[in-house]
Number of protein chains: 2
Amino acid sequence: MSELDRLVIMKLSNGVEWALHSCVTLSQSREPVPAARLAELHGTPPAYLAKHLQALSRAGIVRSRAGQVGGYELTRPAAQISALEVVRAIDGDGPAYRCTEIRQRGPLAVPAERCERPCAIARAMAAAEDAWADALRRVTIADLAARIDADSEGTAMAAVSRWLAATR
Amino acid sequence: MSELDRLVIMKLSNGVEWALHSCVTLSQSREPVPAARLAELHGTPPAYLAKHLQALSRAGIVRSRAGQVGGYELTRPAAQISALEVVRAIDGDGPAYRCTEIRQRGPLAVPAERCERPCAIARAMAAAEDAWADALRRVTIADLAARIDADSEGTAMAAVSRWLAATR
DNA sequence: TAGAACTCGGATAAAGACTGTCCGAGATCA
DNA sequence: TGATCTCGGACAGTCTTTATCCGAGTTCTA
């Protein structure tokens, strides 16, 4: 691992990237897509990607179908799925900053009855995370698909649809 | 570990909380405060807190003084130190989301020469992190100290100053 | 000026999380 | 009814985080 990567500590699971790309891909298919197909398209370990897709399934973002024509498909239109939902499904929906209430410890401990409100530090950290969540809440899978398509001058999504149809 | 903590994945190092509280405490002292004293006040493991204080020292937020009257002190007025600086010093200054360029892999790989711009997904994630950072950049250590003092009806910071002076 | 005590700093182990993989249960189609 | 394909949860390896210790340097005191 490079020295530059070492500086990255508040890290999101790598699976977040795979899950977002998978959702964009699924938005281009009307039929279920097997996990192995998604893994091949994205160049990721098949079994590990399947694990993350299971998390999306538990979160109600995708639906799984078993059997010969099975696979994963979105449960809702892509315009109704926010990036925040996907990130939280993979990476957990709890706050990144956890206040352990150290103000209630030590020689100057504050009595519990005066700690109804969260600590001022916890409030500031929570406000920052709210800003982060709001930014992701405003972006939908449909938005991401449209932007990726625009970056490729309108060829990327069509190519995905073709590939999915051709390899089934 | 409780089941609730398991849902928290995009986590910040626990030391972020200690570092922020330590900076607030240091803002109330004109003389250096030893790491062991800070650990006692906050009820944290002394050796581990010292490790985080070293990170603050490397980041130029605090200055260390060795010897009998040594300890840590802020290098600047608390109003000139943002919460973001402290968080980045402890938790790393890199982005939480790392794009591994999976668009350049697989059967539909995009040629490298057409990937000058970051992926649309990476752009969305970066925008969210910028919003998070901006929120923390606007809060200074002096702001946090003032809010904590207000929460205690103006008694907390005075108590800290008294305790620091009495135990030296 | 020499000694002693106190401080920081980096190097050193243990625990937990993420990464990666496998095989069994269930469902669909022929 | 059988065979094939799929998902789903259970099973190790590696890495980061947590926690701790002792040595190097500095300051005060005698």
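In this report, the structure presented in the accompanying data block is examined.

Some thoughts on the interface of chain A and chain B
Taken residue by residue, the interface counts 60 residues in chain A and 60 residues in chain B. Our enumeration of links across chain A and chain B arrives at six salt bridges. Where Arg 114 of chain A meets Glu 153 of chain B, a salt bridge forms, and the shortest distance between an N and an O atom there is 3.5 Å. The interface formed by chain A and chain B includes 14 residue pairs in polar contact (both at pLDDT 80 or more). Contributions of two or more residues to the side of chain A that touches chain B are made by α2 (15–26), α3 (35–42), α5 (83–91), α6 (120–137), α7 (141–151) and α8 (156–167) of chain A. Among the elements that line the side of chain A that touches chain B, the one with the most residues is α6 of chain A, at eleven residues. Looking at side-chain class alone, the side of chain A that touches chain B contains 35 nonpolar, ten polar and 15 charged residues.

Notes on the packing of helix α2 (residues 15–26) of chain B against helix α5 (residues 83–91) of chain B
Residues and elements named next belong to chain B. Running from amino to carboxyl end, α2 crosses α5 at an angle of 135°, the nearest separation of the two axes being 9 Å. Judged by the inter-axis angle, α2 sits oblique to α5. For α2 against α5, the interelement crossing comes out right-handed. Every residue of α5 that contacts α2 at Gly 15, Val 16, Ala 19, Leu 20 and Cys 23 is listed here: Ala 83, Val 86, Val 87, Ile 90 and Asp 91. Grouping the constituent residues of the contact of α2 with α5 by class yields eight nonpolar, one polar and one charged.

Overview of the pattern of salt bridges
As enumerated under the stated definition, the model contains 14 salt bridges over all chains in all. Measuring nitrogen to oxygen at the nearest pair gives 2.8 Å for the salt bridge that ties Arg 137 of chain A to Asp 134 of chain A. Residue Arg 137 of chain A and its partner Asp 134 of chain A are located together in helix α6, separated by three residues, close to a single helical turn. One salt-bridge network, held together by shared partners, links Arg 117 and Arg 123 of chain A together with Asp 151 of chain B.

Brief notes about helix α7 (residues 141–151) of chain B
Of the residues making up α7 of chain B, those classed as buried are Ile 141, Leu 144, Ala 145 and Ile 148 of chain B. Buried residues in α7 of chain B, looked at end-on, bunch into an arc of 100°, giving them a common side. Among the structural elements, α6 of chain A together with α2, α5 and α8 (156–166) of chain B are those in contact with the buried residues of α7 of chain B. Directly beyond the C-terminal end of α7 of chain B, a positive phi value near 60° is found at Glu 153 of chain B.

Considering the relation of the copies chain A and chain B
Superposing chain A onto chain B requires a rotation of 180° together with a translation of 0.0 Å along the rotation axis, leaving an RMSD of 0.1 Å. This pairing of chains is accounted for by a two-fold axis. Among all C-alpha atoms of chain A, that of Trp 132 of chain A lies closest to the rotation axis, at 2.4 Å.

Quick notes on the pairing of strand β1 (residues 62–65) of chain B
All names here are of chain B. Where β1 lies against strand β2 (residues 71–74), four bridges are found, and the strand directions are antiparallel. Across the sheet, residue Arg 63 finds its bridge partner in β2, namely Glu 73. Counting the residues that bridge the hairpin from β1 to β2 gives five residues, and of these Gly 67 lies at a positive phi of roughly 100°.

So, the state of the cysteines
Taken as a whole, this structure holds zero disulfides over all chains when the rule is applied. Of the cysteine sulfurs around Cys 23 of chain A, a residue in no disulfide, the closest is that of Cys 119 of chain B, at 14 Å. Cys 23 of chain A gets classed as buried once you look at its relative accessible area, which sits at 0%.

Reading guide: rules and limits
Residues numbered from 1 in each chain as written. Chains lettered and ligands numbered in written order. Predicted model: local features only at pLDDT ≥ 70, side-chain atom pairs only at ≥ 80, totals over all residues. Heavy atoms only, no water. Contact = heavy atoms within 4.5 Å. Salt bridge = Lys/Arg side-chain N within 4 Å of Asp/Glu carboxyl O. Polar contact = N/O pair within 3.5 Å; in protein donor to acceptor, adjacent residues only side chain to side chain. Helix = DSSP H or I, 4+ residues; strand = E, 2+ residues; numbered from the N terminus. Nonpolar A, V, L, I, M, F, W, Y, C, P; charged D, E, K, R; others polar. Axes fitted to C-alpha atoms, helices over the stretch in contact; angles between N-to-C directions. Parallel < 35°, antiparallel > 145°, perpendicular 65-115°, else oblique. Left-handed = near helix turned anticlockwise from the far one by under 90°. Buried < 20%, exposed > 50% of the residue type's maximum accessible area, 1.4 Å probe, protein only. Arc of directions from axis to C-beta. Least-squares fit on C-alpha atoms with pLDDT ≥ 70 in both. Pairing = 2+ DSSP bridges. Disulfide = S-S within 2.5 Å.

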